[in-house]
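# An overview of the molecular structure
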Amino acid sequence: MVVYRCLECDTAVTRSITKFTDETLLSEKKSPMQLAELGAGEPDYVSEGRYLESPDDSPIPGADGWPLLNPEDMVETTLDLEVYRGCCGPDGGRGPNTDCRNGHKVGIERGDCWTVHCVALDPEAVYQE
């Protein structure tokens, strides 16, 4: 199990999580048209309590190779409202939007109704403990 921490101030930004080893269990990606037919937003990309280490094909633009985890596993973080964009949640389209409690950018959260829900942690802003 690991905890990710802010590289600048050492604040824990995740609870203790376990590496996701079976990528076949990841939530399927659906198009906005499929979502409209279902009448619901996208599911969580990674289940709570797990993280996916450095995927090559991130569901968050600009975050290829960044660790992915469930938004519910984040602690001591806030969304930057200057970068926040989306109707129901952050869409992650403007880059890093997640700050540690001391205001350092640590990642990108995506959780709008038309996107999968996940957080990508910037490997240059966090470290594993």
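Right, let's walk through the structure included here.

Looking now at the overall build of the protein. The number of helices and strands found in the protein is 1 helix and 9 strands. With 129 residues in all, the protein has 47% of them scored as buried. Accessible surface, the protein: about 6700 Å² in total, of which carbon and sulfur atoms supply 47%.

Attention now goes to the nonpolar core. With 13 residues, the main nonpolar core has Tyr 4, Val 13, Leu 69 and Leu 121 as its most contacted residues. Taken together, the elements giving at least two residues each to this core come down to strand E1 (4-6) and strand E8 (118-121). Discounting chain neighbours no more than four positions away, the residues touching Leu 121 are Tyr 4, Thr 14, Trp 66, Pro 67, Leu 69, Met 74, Val 106, Gly 107 and Val 126. The next biggest cluster of nonpolar side chains, apart from the first, holds 12 residues, and it includes Tyr 45, Ala 63, Val 116 and Ala 120.

The rules behind each value
Residues numbered from 1 in each chain as written. Predicted model: local features only at pLDDT ≥ 70, side-chain atom pairs only at ≥ 80, totals over all residues. Heavy atoms only, no water. Helix = DSSP H or I, 4+ residues; strand = E, 2+ residues; numbered from the N terminus. Buried < 20%, exposed > 50% of the residue type's maximum accessible area, 1.4 Å probe, protein only. Areas by Shrake-Rupley, 256 points an atom, 1.4 Å probe, with all protein chains shown as cover. Core = buried A, V, L, I, M, F, W, Y, C linked by side-chain atoms within 4.5 Å. Contact = heavy atoms within 4.5 Å.

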